[in-house]
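Geometric and topological summary
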Amino acid sequence: MSDGTLSGGCQCGAVRFRLTGAPGTSSVCYCRMCQKASASHALALVSVGDAVFEWTRGQPSWFQSSNVARRGFCSACGTPLAYDAPDGLALSVLAFDNPDAVAPTIAYGIEGKRPWCDAVPGLPERHTMEDAEAVAFLQTLVSNQHPDHDTENWPEGES
């Protein structure tokens, strides 16, 4: 795991963050609350740990998902960004500009793991442009997603 400076943020760029120093444990959680919060089979989170953390653009909105924890997300695009509980703040691994720098090392909440999760790596695979039904619109796709790096202004050109 990295011990330098890591940045990340939401899909639209309204909320950005920076983590300086070595983060804590990175994990995947299969519990039902994490599934719902991420709209996926699991949520990968990395604890801030002893690193220095700051929101560098905007602030997340928060949903109190239980009596002890809240979840931060971008109110503009919906990207899940954070999990805040008594044991500290954790950030969504996939919200990092370089998610591989904070790859998960343990899985939690396995009692909620969907029965088909272990079969996912064995599914037939296709490159995006091999999807014959979608290739026509994919060839004209223009992404509005914030790039995987910090920008002075976003959208670019706005101040």
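Throughout this description, residue numbers start from 1 for each chain and increase along the sequence as written. With the structure being a predicted model, the display of local features is reserved for residues of pLDDT at least 70 and the display and counting of side-chain atom pairs for 80 or more, all residues being used for whole-chain, interface and lining totals. Side-chain numbers here rest on the full set of heavy atoms in the structure, without hydrogens or water.

1. Some details on the sheet that holds strand β6 (residues 61-63)
When DSSP locates at least two bridges between a pair of strands, those strands are taken to pair. What counts as a helix is a DSSP run of H or I of at least four residues, what counts as a strand is a run of E of at least two, and both are numbered from the N terminus. One open sheet accounts for seven strands, arranged β6-β7-β8-β9-β4-β3-β10; its pairing is mixed. Sheet topology places β6 and β10 (106-108) at the edges, where each strand pairs with a single neighbour. Averaged over all adjacent pairs, the angle separating strand axes in this sheet is 30 degrees, with direction ignored. Examined bridge by bridge, strand β3 (residues 26-29) and β10 share three bridges and lie parallel to one another. Bridge pairing links Cys29 to Tyr108 in β10. Note on geometry: axes are lines fitted to C-alpha atoms, helical ones only across the stretch in contact, with angles between N-to-C directions running from 0 to 180 degrees.

2. A few points about the environment of Arg32
On the secondary structure map, Arg32 appears in helix α1 (residues 32-38). C-alpha of Arg32 to C-alpha of Cys10: the two residues are 22 residues apart in sequence and 22 Å apart in space. At 3.1 Å, the side chain of Arg32 and the side chain of Gln35 are in polar contact. Think of a polar contact as two N or O atoms within 3.5 Å of one another; within protein, one of them needs to be a possible hydrogen donor and the other a possible acceptor, and neighboring residues in sequence only count if both atoms come from side chains.

3. Focus: a nonpolar patch on the surface
Taken together, the side chains of Trp116, Val120 and Leu123 define a hydrophobic patch exposed on the protein surface, amounting to about 300 Å² of accessible area. Note that Val120 resides in the loop between β10 and α2 (135-138). Like charges are joined within 9 Å and nonpolar side chains (Val, Leu, Ile, Met, Phe, Trp, Tyr) within 5 Å, but only among residues with over 30% relative accessible area and no salt bridge; these make up the patches. Note on areas: Shrake-Rupley with a 1.4 Å probe; residue coverage comes only from the protein chains shown. Any Lys or Arg side-chain nitrogen located within 4 Å of an Asp or Glu carboxyl oxygen qualifies as a salt bridge.

4. Quick notes on the nonpolar core
Formed by 24 residues in total, the largest nonpolar core has its most connected members in Leu19, Trp55, Leu81, Leu91 and Phe96. Of all the secondary-structure elements, those providing two or more residues to this core are β2 (16-20), β4 (43-47), β8 (80-85) and β9 (88-92). Those residues in contact with Phe96 that sit more than four places away from it in its chain are Leu6, Ser7, Gly8, Phe17, Leu19, Val46, Leu91 and Val102. Side-chain atoms within 4.5 Å are what join buried Ala, Val, Leu, Ile, Met, Phe, Trp, Tyr and Cys residues into a set we call a nonpolar core. The buried label applies to any residue whose accessible area, calculated with a 1.4 Å probe on protein chains only, is under 20% of its type's maximum; exposed applies above 50%, and partly exposed to all values in between. If you look at the next biggest cluster of nonpolar residues, it comprises six residues, including Cys29, Cys34, Leu43 and Leu45. Contact between two residues is taken to exist if any of their heavy atoms lie within 4.5 Å; hydrogens are not considered.

5. Remarks on the packing of aromatic side chains
Classification of ring pairs uses Phe, Tyr and Trp, with its six-membered ring standing for Trp, and accepts pairs whose centres are within 6.5 Å; under 30 degrees between planes counts as stacked, over 60 as edge-to-face, and the remaining range as tilted. Tallied over the entire structure, the rule returns four aromatic pairs. Ring centres 4.9 Å apart and planes at 85 degrees place the aromatic pair Phe53 and Trp55 in the edge-to-face group. Ring-over charges, as used throughout, are those where CZ of Arg or NZ of Lys falls within 6 Å of the ring centre and within 35 degrees of the ring normal. Cation over ring: Lys113 sits above Tyr30, and NZ or CZ is 5.0 Å from the ring centre.

6. Observations regarding the pairing of β2
Where strand β1 (residues 5-9) and β2 come together, five bridges link them in antiparallel fashion. Within β2, the residue paired with Leu6 across the bridge is Leu19. Linking β1 back to β2 in an antiparallel pair, the connection comprises six residues, with Gly13 at a positive phi of about 90 degrees.

7. Some points on the state of the cysteines
Cysteine sulfur atoms that pair up within 2.5 Å are treated as a disulfide. The full count for this structure, using the stated rule, is zero disulfides. Summary of cysteine pairing: Cys10 is not part of a disulfide, and the nearest cysteine sulfur, belonging to Cys74, is at 3.7 Å. When its relative accessible area of 4% is taken as the criterion, Cys10 is described as buried.

8. Notes on the sheet that holds β1
Strand order in the open sheet formed by three strands is β1-β2-β5, and the pairing between neighbours is antiparallel. Edge positions in the sheet fall to β1 and β5 (52-57), since each of these pairs with one other strand and no more. Across this sheet, the average inter-strand angle for adjacent strands is 20 degrees, counted without regard to direction.

9. Things to note about unusual backbone geometry
Its identity is not glycine, yet Ala39 carries a phi of approximately 55 degrees, on the positive side. Tracing the backbone through its elements, the reader meets Ala39 in the loop between α1 and β4. According to the relative accessible area criterion, Ala39 is exposed, its value standing at 73%.

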